Amino acid sequence: MTIMTSPETITPRRSFLRDNPSVLWFMGLLGLFTLIVTLLSEGMGMGVISTNLVKILGMTLCLCLIAIAMDVVWGYCGILSLGHFAFFGLGGYAIGMWLMYARTEIVIRDSLGRGAIPPTEREVSEGVASQIFGVVGSSELPLIWSFAGSLPAQLALVVLVPGVLALVFGWLAFRSRVTGVYLSILTQAMTLALSLYLFQNDTGLRGNNGLSGLQNIPGALEVPQAVISVWFFWASALALGLGYLLFAWVVSGKFGSVIRAIRDNEARVRFLGYNVEGYKLFVFTLTAVVAGIAGALYYPQAGIINPAEIAPIASIYLAVWVAIGGRGRLYGAVIGAAFVSLLSSWLTGGGAPNVDLGLFRIVWTDWWLVLLGLGFVAVTLFFPKGIGGLFDYLVRKQP
Amino acid sequence: MTTLLEVSGVSVTFDGFRAINNLSIAIGEPELRAVIGPNGAGKTTFMDIVTGKTRPDEGKVLWGEKSIDLVRMSESQIAKAGIGRKFQKPTVFEDQSVRANLSMALKNKRGPFSVLAWKATEADNARIVALADEVGLTERLEHRAGDLSHGQKQWLEIGMLLAQDPRLLLVDEPAAGMTPAEREHTTDLLKRAAKTRAVVVIEHDMEFIRRLDCRVTVLHEGSVLAEGSLNHVTKNQQVIDVYLGR
Amino acid sequence: MKACLMLRRLCAFALIWQLILSPVMAQDESDTPLQDVLQTVQSEVANPSRGTVPAVLQALMAADAPGTVDFLRTWSDREVYERPADGLFFYATAEGSSLTLIDIDTGAEVATVTSRDVSQIRPNAGVRREIGASLVAFELTHPDADRRMAALASAARSPDPDQLPAIRAARAEEEDSAIAARMDRLIALLVARYDQDSTTRVEAIGALRGDVSTPARSVLNQLLATRADFAETLPEDVNIARIKTPGEDISLSAAYAVLVGADLAPAAPGRNAIRDALRANVVDGQVGGVPVHQLDNDADRIAAYQALEDAGIVPPLVTEADVADAVSQYVFFDAYLEPDAAVTTAAEAARSSTSLRVSGYQFLSLSLDALSLASIFFLAAIGLAITFGVMRVINMAHGEFIMMGAYTGYVVQTIIPNYTASLAVALPLAFAVTFLAGVVMERLVIRHLYTRPLETLLATFGISIALQQLAKNIFGTQARPVTAPDWLAGAIQINDLVSVAAVRVGIFVMAALFLLLLLYILNRTRLGLEVRAVTQNPGMAASMGINPDRINMLTFGLGSGIAGVAGVAIGLVAQVTSEMGANYIVQSFMTVVVGGVGSVFGTLAGAALIGSLQKGIEWFNPANTLAAQTFMVLFIILFIQFRPKGIVALKGRAAGD
């Protein structure tokens, strides 16, 4: 067979950013937002934005990060994972263990050091253990806390624990060709198993007490929370920016083509010679790792993590955000996560005024979830493209 | 002509129904082969078995010089080994551009990491353009595949099949929904492809088969009823019985 | 609220009735029959002696007033009080120094007094024995068989050698074979435990073989009770149960601790004791010549301690060798409290043969538990299996339909106070309510999403959030009960080891009925035929004149309706809260997926597997139901690896997606 080569028709190689103008837009807006929050913050600027609000905004950025991860795995690759919030929580637990251990160790060393003779290492670790685990009636440091004293080790675990879990689980699930709703249910089962496991007192993560006091950063205990909150805000903004860039790069180009093709017709992709399971596993694991990192940044700002955070419902909410924001476009996920989570904390936090209808008083704390549920049904039925779909509309209007 | 694919003694049962019954077919390289038969004769199931979609209960499917057994390989491994398939119903990725569709099918490394690092070379782009030219979609390279007409989708799928550069093409009813002119083009294309590789065509349209002018295998109830030139098989009494009904 | 009011009205009504009737009835029956009898022998009861007791007993038993037996037992236990002011007798509960007097006949609290206002009646040991024996004799020869049975049961609960003659006497006259058998057993128990003659006891113990009743097992356990002891050489006169080798059966440190406890060895200073000793002996920044700042590890601390020890300031360290040496000089053993070796040997044999039967019954009990759990899972999941199997629609709001059914049961109960009647109303009503809800949901939401199954999952999830919060807004966060009627409230007792709550049997029966009903509907009715047609090939079904819209609607309604009925059933065994649906949804999905989608029998198999699995895991680790659930979910994930289509898999082309 002959193939005619006609040089005129070869399209020039195109640059990543020119193909993806939204990335530049997003980076610019994120930078601007970071600058504004910093300038208005209590810790470093004019003090218009309270420390608490800075934390909420920083946490929202982390939620946006996990939302884009969810968007890649679901919106692009078609795997409706109901387990990504579990990976988020695992990242939080991994960093929480260090935060709690290191801070307690400082306290224990301080108090033991006041005695006539210096403490032994064993006394210190026993003291830390009984301080941390007294609440679940134990005074021994569980095996999984072996590296809790080392920041690099726990940082590695932030990536490794969600990554390895996703790898093993994904390998098992994809290998047996579990797809669609089955896969969703299976990931939900995984999440349920994990949260039930964490709820137990004897599994070494303090049962339903969870890990607390995470807002105190060892080595920076003197630094006021107002300043720490801005640091974490920066870190969250940086992580979101890098995550956005990473995922934008992943989903553009041929890899993006392949995973979208898998979403639309995975059998056909197999007949093209692609190892579909490998691709799914790659995407599932990569997004799980990013979710873990997002969690590791989120929980020091939240201050506490407990197994209820990991419950299956949280992962479903994640899907809700992405769906409302608009699947299959990264900025859609960001919009959805930011919009719904901020609206939710405003309405349930008592910030919104109740509406008096004469006969009936709408108390937002009671009715917000009803509204969210029904709104979500409406979005699924009438606006499958979500809020992000509006941008398509705007862009198409412009020549 | 050497034997490229050898299906021997293959049987498949669905819930007690024997779709394929001790089927043996050999395809050479290069060769153009037409497979015909009444509905339910097992034509599509035969393709399913070769491409790994269905696992046979017994029998062997041997491939290539090294006689690798395809039965134990996954769909993607079989595709990578050099077997391309066009489905009865055109299946292209409607959400993506014609270029992206062709680009995915190009014969490049298929692993996630190589694909992640992949950038279109001059040669790749040239090949895409040439393929588009071949199937008459040059003008529509940047359009969504979903916006193409039914016939154009058929063409795109054939283009993707050629892009894979397979040693064996399995083509299931390529002419369905095509105009007479398009059919002619398709026959030319298939005949040309069959000069360097093996092509197996399933088709109902006898006129189309006649134009292919090749060896014909008649399937009936999951096994081979007759084989030879079209003229030869149409004179076979058994074949006439099967087609006209007893 | 309404139920409460109703109840109060009923009470008031009853009270008035009683007031009207009581003067008439007083002629025949007093309100205080027992007190009246007691007053006839007042001084003998208040000051009992061996001589007077038979007369009191005679009088009491002749009158046979209700509560006589309890009175005698309490009297004998020295818990009856006399109020000198009027000579009346009372029971009492003590709180600090004050006593609350309780009427002997009615059980009502009469007054609160100090211990000076009443005098406790204290029959001596002889009197008590007399009371006990005649009590047993009296009850065991009572003409009413139920009374005899009850007396036997109570005697078995608190076995006493003094009862033996009375039981033997009663046995001689007993004609009812069932009661006679129980008497024989009780005699065997008492003989085994208290008889003087070794051979008789061994024989009696032999009769207890395989007896799984609690009294029999507790007698064996009492006979085999041991105490831990040690000696320099193994004593001859002790009935040894087993010898414990230090380091194997008993840890060295535990054995040493025993010796320390008996003052036969010096206590070993632990790490804390060493630290405290070092702290107390810091001299010029040094302890025993070691600078203080070096004492941050165990090796240096021990060195410093040894320096102190050499100076004679602190008690000596005890090394492991010291411990081993001290322990090796003694034998550690467990000895039976029962000195007779023949008896303990026989008892061991009897116990091991009983324990086999006990495990058998425990397994039976566990299986019944599993069966009950499986029927709950089946009820919860079967509705889902229908909608999922027929329509490939994941209904995340299924759990909320269960909740809706349960709340329907609760609301009906507040309106209809009769539990049986309310249950009879609630079951069909719950079906109707959730059937309607299901149909509405199908019409408004689901049928727009048939081509997008993942989005059905999301949309129904939105509905589930809304319904859950709505229930919370209406009913609050407090758990509401659905109370079972009396005939479902008790337990069915098979023996001391195996019993099943009647309500669980009821749920099992209901699950079985639903299974049959569904099989009937699916296999024997026109609707079932059409449903199966739509399941297998919707396009073909439609072309044959079946209206898939109607079928889908009815199927969805049916599935939801069954969820509502399941909700009422689940409400009987669990609390009704707005979140209860969420607890069942994942398990229900597991049941459906494990069983195999689209098959009633698959769901049955899935429910049976998951139910027995959960109970099985709980059995290995009874304290931790969370762990059981964790392991179960893990098992399911693995199970799906090997049978992705479930236990009952549809094969062939129809199974293709």
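Residues numbered from 1 in each chain as written. Chains lettered and ligands numbered in written order. Predicted model: local features only at pLDDT ≥ 70, side-chain atom pairs only at ≥ 80, totals over all residues.

**Overview of the overall build of chain C**
This is how it is decided: Numbering of helices and strands runs from the N terminus, with a helix taken as a DSSP run of H or I at least four residues long and a strand as a DSSP run of E at least two residues long. Based on C-alpha atoms, the radius of gyration is set beside the globule rule, defined as 2.2 Å times the residue count to the power 0.38. Partly exposed residues are those whose C-beta has more than 12 but fewer than 20 other C-beta atoms within 10 Å; with 20 or more the residue is buried, with 12 or fewer it is exposed, and the C-beta atoms are placed from the backbone. Each residue gets a C-beta atom placed from its backbone, and two residues are in contact if those atoms lie within 7 Å.
The helix and strand tally for chain C stands at 26 helices and twelve strands. A globule of 657 residues ought to have a C-alpha radius of gyration of about 26 Å, yet chain C, at 36 Å, is considerably larger. Viewed in the frame of its principal axes, chain C has a C-alpha envelope of about 95 × 95 × 55 Å. Counting all 657 residues of chain C, 37% fall into the buried class. Within chain C, residue pairs in contact and separated by at least 24 positions form 70% of the contacts whose partners lie at least 6 positions apart.

**Concerning the interface of chain A and chain C**
How we decide: Charged residues are taken to be Asp, Glu, Lys and Arg, nonpolar residues to be Ala, Val, Leu, Ile, Met, Phe, Trp, Tyr, Cys and Pro, and polar residues to be all remaining types, Gly included.
Contact with chain A, which involves 40 residues of that partner, is made by 43 residues of chain C. Elements with a minimum of two residues in the side of chain A that touches chain C: α7 (180-199), α11 (312-325) and α13 (364-382) of chain A. If you tally residues by element for the side of chain A that touches chain C, the top one is α7(A), at 14 residues. Across the side of chain A that touches chain C, the residue classes tally to 29 nonpolar, nine polar and two charged.

**A closer look at unusual backbone geometry**
Residues and elements named next belong to chain B. The linkage connecting E29 with the following residue, P30, adopts the cis geometry, with an omega of -5 degrees. Along the polypeptide, P30 turns up in the loop between β2 (17-29) and β3 (31-36). In the Ramachandran plot, S67 falls in the positive-phi region, its phi being about 50 degrees despite a non-glycine side chain. Under the C-beta neighbour-count criterion, S67 is labelled exposed, with 10 such atoms within 10 Å. Here D165, not a glycine, exhibits a phi torsion of approximately 55 degrees, which is positive. Its place among the elements puts D165 in the loop between α6 (150-163) and β7 (168-172). Residue D165 is classed as partly exposed on the basis of its 15 C-beta neighbours within 10 Å.

**Quick word on the domain arrangement of chain C**
Applicable threshold: Domain start and stop points were drawn from an automatic or database domain assignment.
Per the domain assignment, the segments of chain C are domain 1 (141-223), domain 2 (269-317) and domain 3 (367-580). In this structure, domain 2 of chain C and domain 3 of chain C have C-alpha centres spaced 72 Å apart.

**Regarding the sheet that holds strand β7 (residues 240-244) of chain C**
Residues and elements named next belong to chain C. As a reminder, the rule being used: When DSSP finds two or more bridges between a pair of strands, those strands are recorded as paired. Orientation is described by axes fitted as lines to C-alpha atoms, over the contacting stretch for helices, and by angles from 0 to 180 degrees between their N-to-C directions.
The sheet built from three strands is open, its strands ordered β6-β10-β7 with antiparallel pairing. On the outer flanks of this sheet lie β6 (226-231) and β7, each paired with one strand and no other. Adjacent strand axes in the sheet meet at a mean angle of 25 degrees, parallel and antiparallel pairs treated alike. Relative to strand β10 (residues 331-336), β6 runs antiparallel, the two sharing six bridges. Within β10, the residue paired with A231 across the bridge is V331.

**Regarding the interface of chain B and chain A**
Counting from both sides, the interface comprises 31 residues of chain B and, opposite them, 29 residues of chain A. If you list the elements that add at least two residues to the side of chain B that touches chain A, you get α2 (75-81), α3 (98-105), α4 (112-117), α5 (122-134) and α7 (180-193) of chain B. A breakdown of the residues in the side of chain B that touches chain A according to their chemical character gives 14 nonpolar, eight polar and nine charged.

**Remarks on the sheet that holds strand β4 (residues 109-114) of chain C**
Adjacent strands of a sheet form backbone hydrogen bonds with each other and so pair up, either parallel or antiparallel. Residue and element names in this part refer to chain C. Taken in spatial order, the five strands of this open sheet run β4-β3-β2-β1-β5, and their pairing is antiparallel. Whereas interior strands pair on both sides, the edge strands pair on one side only; in this sheet they are β4 and β5 (119-120). Where strand β2 (residues 88-95) meets strand β3 (residues 98-103), six bridges bridge the pair, whose relative direction is antiparallel. For T93, the partnering residue across the bridge sits in β3 and is T100.

**Considerations on the environment of Q468(C)**
Residue and element names in this part refer to chain C. Mapped onto the secondary structure, Q468 falls in helix α19 (residues 453-475). Put simply, Q468 and M580 are 112 residues apart on the chain and 9.2 Å apart in space, counted from C-alpha to C-alpha. Here Q468 is in contact with E400, S578, E579 and G581, once residues within four sequence places are set aside.

**What to know about the nonpolar core**
Worth spelling out the cut-off: In plain words, the nonpolar core is the set of buried Ala, Val, Leu, Ile, Met, Phe, Trp, Tyr and Cys residues that C-beta atoms within 7 Å link up.
Of all hydrophobic cores here, the largest spans 293 residues; its most connected members are I66(A), A67(A), I68(A), A319(A) and L379(C). In terms of residues, this core owes the most to one element, helix α3 (residues 51-76) of chain A, which gives 17 residues. Residues within four places of A319(A) in sequence aside, it is in contact with M70(A), W74(A), L80(A), L82(A) and L458(C). By size, the runner-up hydrophobic cluster in this structure holds 52 residues, among which are V56(C), L99(C), M183(C) and L208(C).

**Points about the packing of helix α25 (residues 600-620) of chain C against helix α26 (residues 625-642) of chain C**
Residue and element names in this part refer to chain C. Operational definition: Reported orientations rely on four angle classes, namely roughly parallel under 35 degrees, roughly antiparallel over 145, roughly perpendicular from 65 to 115, and oblique for the rest. Crossings are sorted by hand: turned counterclockwise from the far helix by less than a right angle, the near helix makes the crossing left-handed, and turned clockwise it makes it right-handed.
Closest axis-to-axis distance for the α25/α26 pair is 9 Å, and the angle between their directions is 135 degrees. Regarding the angle of α25 to α26, the classification is oblique. The handedness of the crossing between α25 and α26 comes out as right-handed. Of the residues in α26, those touching α25 at I610, L613, Q614, I617 and E618 are T625, A628, F631, M632 and F635.

**Some remarks on helix α20 (residues 502-524) of chain C**
Residue and element names in this part refer to chain C. Selection criterion: Given the number of residues in a helix, its expected span is that number minus one, multiplied by 1.5 Å.
Taking 1.5 Å of rise per residue, 23 residues should cover 33 Å, and α20 covers 32 Å from first to last C-alpha, within 8% of that figure. For α20, every residue scored as buried is listed here: R504, G506, I507, F508, M510, A511, F514 and L518. Each element contacted by the buried residues of α20 is listed here: α16 (341-391), β12 (499-501), α23 (548-573) and α25.

**Some words on the packing of α3(A) against helix α10 (residues 276-302) of chain A**
Residues and elements named next belong to chain A. Interaxial distance between α3 and α10 falls to 9 Å at its minimum, and their mutual angle equals 170 degrees. Accordingly, the angle class assigned to the pair α3 and α10 is roughly antiparallel. In contact with K55, G58, M59, C62, L65, I66, A69, V72 and V73 of α3, α10 contributes V283, F284, T287, V290, A291, A294, L297, Y298, Q301 and A302. The class makeup of the residues in the contact of α3 with α10 is 15 nonpolar, three polar and one charged.

**Quick look at the environment of G111(B)**
Positionally, G111(B) belongs in the loop between α3 and α4. Distance from G111(B) to T121(B), taken between C-alpha atoms, is 18 Å for residues ten residues apart in sequence.

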